[in-house]
Amino acid sequence: MPELPEVETVRRGLQAQVQGRRITAVEVGRERTVRRTSRQALIDGLTGATITAVNRRGKYLLCPLDTGDELMMHLRMSGRLLVAAAGTERPPHTHVVMHLAGEPAQELWFVDPRTFGEVVVFDPANLANELPELAKMGVDPITDGLTRDQFARLLRTRSRQIKALLLDQHVVAGIGNIYCDEALHLAGVRWDRPSDKVTPREITRLHAAIMQVLHDAIEAGGSTLADTQYVGVDGEGGWFQLHHRVYDRAGQRCLTCNRANIVKAAVAGRGTHWCPRCQR
DNA sequence: AAACAAACCTGTGCGC
DNA sequence: TGCGCACAGGTTTGTT
């Protein structure tokens, strides 16, 4: 579910609501959510700690603590982070609850029906051992910045289908299925083009498309689909889904050429949407 | 090395 | 209305 724009929206919400606050108590329901370490490790690592910042790299939320450790939260497919008044009835699948010091008395909930998401406290000095995939993460177009030439080099390094390369978090961090399809359509590039055969002009267009779609989606608060799985920390959804030009529009007329219909096919198990007329 | 399938789970939407 | 199946924003792992 949540890709870079959704996670960034959550990050901003957390920054406004929980940065600088101390965690007074922690409850862990389902242990699967803290499988990277353990229930006790999370409780010990967070109780009494103050969240000093809320950062993001790709789809990873990273909160440095005043203890020197860092809190990492990943929403995967169905995770949600919600800030609510202490004592409010919790939704089903609330697996972690952090009680926050200060007024008003509030709680931070990690809610996750499919339990693919995770929450862990780690030692940033030992990143390569404790979170190896984060240590090898690629460039985040928003957090790190991504220049057109830097992007061009990433495409030339290897020959892979462009969609697979864009989705590879070790190359570019944060792009998921929705924004990948949207960016490729904006740029007029088909998903199965070999990355090293994309022309310089197309690289320029694709780079601009990625930056634009991520930027616009962040401005719109992300995409909330019909199942309302994704929402910000206040429970409000985003509205970028209203601007989707290919995602979830299979069979509908392309909004760019107004002639062909959007096609959807399963590519490596992922739904892939494109316009056969606009994308070559 | 690249491409794919399956796996991890639960909820929803669709066709019958 | 009810039932069963296909499918879903992510990532890892194993197999061609």
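Structure: above.
Residues numbered from 1 in each chain as written. Chains lettered and ligands numbered in written order. Predicted model: local features only at pLDDT ≥ 70, side-chain atom pairs only at ≥ 80, totals over all residues. Heavy atoms only, no water.

Along the chain, Gln-106 falls in strand 7 (residues 106-111). Using a relative accessible area of 14% as the deciding quantity, one classes Gln-106 as buried. Aside from chain neighbours lying at most four places away, what touches Gln-106 is Gln-17, Arg-21, Val-83, Ala-84, Ala-85, Ala-86, Met-98, His-99 and Leu-100. (Helix = DSSP H or I, 4+ residues; strand = E, 2+ residues; numbered from the N terminus. Buried < 20%, exposed > 50% of the residue type's maximum accessible area, 1.4 Å probe, protein only. Contact = heavy atoms within 4.5 Å.)

Considering the arrangement of structural elements, one finds Ser-223 in the loop between helix 8 (200-219) and strand 9 (263-267). Polar contacts involving the side chain of Ser-223 include one to the side chain of Tyr-179, which spans 2.7 Å. A distance of 2.9 Å separates polar atoms of two side chains, one belonging to Ser-223 and the other to His-244. If we skip the residues at most four places from it in the chain, Ser-223 touches Glu-6, Tyr-179, Tyr-230, Phe-240, Gln-241 and His-244. (Polar contact = N/O pair within 3.5 Å; in protein donor to acceptor, adjacent residues only side chain to side chain.)

All right, on to the packing of helix 7 (residues 177-187) against helix 8 then. With their axes 8 Å apart at the nearest point, helix 7 and helix 8 run at an angle of 130° to one another. In terms of orientation, helix 7 lies oblique with respect to helix 8. Seen along the crossing, helix 7 lies across helix 8 with a hand that is right-handed. Contact residues: Tyr-179, Glu-182, Ala-183, Leu-184, Leu-186 and Ala-187 in helix 7; Arg-205, Leu-206, Ala-209, Ile-210, Gln-212, Val-213, Leu-214 and Ala-217 in helix 8. When grouped by side-chain class, the residues that make up the contact of helix 7 with helix 8 number 11 nonpolar, 1 polar and 2 charged. (Axes fitted to C-alpha atoms, helices over the stretch in contact; angles between N-to-C directions. Parallel < 35°, antiparallel > 145°, perpendicular 65-115°, else oblique. Left-handed = near helix turned anticlockwise from the far one by under 90°. Nonpolar A, V, L, I, M, F, W, Y, C, P; charged D, E, K, R; others polar.)

Counting residues in each nonpolar core, the largest one holds 35 residues, and the members touching the most others are Phe-151, Leu-166, Leu-184, Leu-206 and Ile-210. Top element by residues in this core is helix 8. It accounts for 8 residues. Judged by nonpolar contacts, the second largest core, of 31 residues, contains Val-26, Leu-75, Phe-110 and Val-119. (Core = buried A, V, L, I, M, F, W, Y, C linked by side-chain atoms within 4.5 Å.)

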